[in-house]
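Below are the chains, spelled out letter by letter.
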Amino acid sequence: MAAPLDMEPSALSLELLPTDPLLLILSFLDYRDLTSCCYLSRRLNQLTNHDPLWIRHCKKYWLISDEEKRQRNQSWKAIFISTYRDLGRYIQYYATLKKAWDDLEKYLGQRCPRMIGSLKESVREEDLDAVEAQIGCRLPEDYRCSFRIHNGQKLVVPGLMGSMALSNHYRSEDLLDIDTAAGGFQQRLGLKQCLPLTFCIHTGLSQYMALESVEGRNKYEIFYQCPDQMARNPSAIDMFITGTSYLEWFTSYVNKVVTGGYPIIRDQIFSERFPFCRYVHDKECVATTGDITVSVSTSFLPELSSVHPPHYFFTYRIRIEMSKDALPEQACQLDSRYWRIINAKGDVEEVQGPGVVGEFPIISPGRVYEYTSCTTFSTTSGYMEGYYTFRCLYYKEKFFNVTIPRFHMVCPTFKVSIARMVSGDFYWTQSGCVLCQETSHNEYAVDEDEDSTDTDEYEERRRVLDIPTPSGRCPRHT
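Structure report, in brief. (Residues numbered from 1 in each chain as written. Predicted model: local features only at pLDDT ≥ 70, side-chain atom pairs only at ≥ 80, totals over all residues. Heavy atoms only, no water.)

Looking now at the sheet that holds strand 8 (residues 237-243). The strand order across the open sheet formed by 5 strands is 4-6-7-8-18, and the pairing between neighbours is antiparallel. One side of each edge strand has no neighbouring strand; the edge strands of this open sheet are strand 4 (194-196) and strand 18 (414-415). Sheet topology places strand 4 next to strand 6 (residues 207-210); 3 bridges connect them, and they run antiparallel. Within strand 6, the position partnered with Cys194 by the bridge is Ala210. Strands in contact with helix 11 (residues 246-258) are strand 6, strand 7 (222-227) and strand 8; relative to strand 8, the strand with the most contacts, it is inclined by about 65°. (Pairing = 2+ DSSP bridges. Helix = DSSP H or I, 4+ residues; strand = E, 2+ residues; numbered from the N terminus. Contact = heavy atoms within 4.5 Å. Axes fitted to C-alpha atoms, helices over the stretch in contact; angles between N-to-C directions.)

This is how it looks when you write it as structure tokens:
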């Protein structure tokens, strides 16, 4: 007998689905919804214990590998739950930061394994809580999460955050452990409620993170301090911004390291001691003339720069390489250099001189010559280009030019100090963010190409943060 036409079909319940399609549905749920299903019914409670459902979550949020799972001898669900109990508050950051640390460790292990020994083991939650109580400020969750993976590094050379050397100026930044950072926490005017993230024992340079939105800074902004040299008030501190959050700052740095953005330099200056250097290499900044290729990396030096007066200090490292397939008679010697320097107004300065950094290197098939020099700008960016003149060794009367590719140097975003002196009285003004105004790369540069590449390391100075920032002048003028 047919069913009455006015009867409505009963609603389909998940409980009525066969096991396989129900497990398939559950496999698409996030861990929160999957956990909630445990409390809906006895059958769903049983099905959510199906171990394969938790594989994706363990790998997505905790980066647990199959090998680690075998070593722990636990089910996937048990691993997820136990890890969540320990690190659950960081679940939105953990995978990103853990991958960054893993990538960095892999990179270091292959190229500079000695630095692995400088990394400290993770800290406990109670250690981080104790630091917050000590400084009276909350630490950002991404910062805490990173230190649950590694507690920074020991104060050693080379530093994890990269090294560079120019003439008698040397910098190597360590990533501070939590106790050292807490010891350098600032409450003085100009750096109020700022926590140091890095430290260089040679220059006293640190990168700070603002733990509160005070003195014109955004909360969790990361910066290099830069004293206003035109202000009478020592608390007038400008800032070169290097990150908007710890997560962005650390992961972007690691990405540059592991993708070759910061080159490894193994010549006699840096050798094995300096595994990667804070020179940024633009892969397009390469020019080949015949068998000779010239490439350039650049670096901004905040410790030798200032906003007031405007003085922006850059170094550039040039690599000259002759193809290993070149004929032996192609060997040549660098005779002179020519620079064309352009400013934002379109003014052109031309500089010509013998050799480079007082040397006249010989280039032969397969040989590489590298040197470092510097330039200063009175404005926030500029570019240089030019050529080298080489003399053939086989045909002694033959000279030829080799192109130096155009390379741009741009000051990081900066903020000016909001502290000013008026009639001897101290006052605050919310001046807001001052970005680099020029988007053009045409600004004034002064060529300093004759700096020596020899390095004289500074003697180790007093510990963190009582060390004054060096004046913003080229080292050869000091």
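Turning to the pairing of strand 17 (residues 399-410), a few remarks are in order. As judged from the 10 bridges shared by strand 16 (residues 381-392) and strand 17, these two strands associate in the antiparallel manner. Bridge pairing links Phe390 to Phe400 in strand 17. In textbook terms, the turn of a hairpin is the stretch between consecutive antiparallel strands, and for strand 16 and strand 17 this stretch comprises 6 residues.

Time to look at the pattern of salt bridges. Two side chains of opposite charge can pair, provided their charged atoms sit close to one another. Enumeration according to the criterion identifies 26 salt bridges in this entry. Across the salt bridge formed by Arg319 and Glu321, the nearest N and O atoms sit 3.5 Å from each other. Its relative accessible area of 30% is what places Arg319 among the partly exposed residues. Overall, Glu321 belongs to the partly exposed group, its relative accessible area being 30%. Two residues, Glu370 and Arg319, come together in a salt bridge whose shortest N-O distance is 3.7 Å. Taken together, the positions of Glu370 in strand 15 (residues 368-377) and Arg319 in strand 11 (residues 312-322) put the pair 51 residues apart, joining distant regions of the chain. The network of salt bridges with shared partners includes Asp86, Arg89, Glu125, Asp129, Glu132, Arg138, Glu141, Arg144 and Arg148. (Salt bridge = Lys/Arg side-chain N within 4 Å of Asp/Glu carboxyl O. Buried < 20%, exposed > 50% of the residue type's maximum accessible area, 1.4 Å probe, protein only.)

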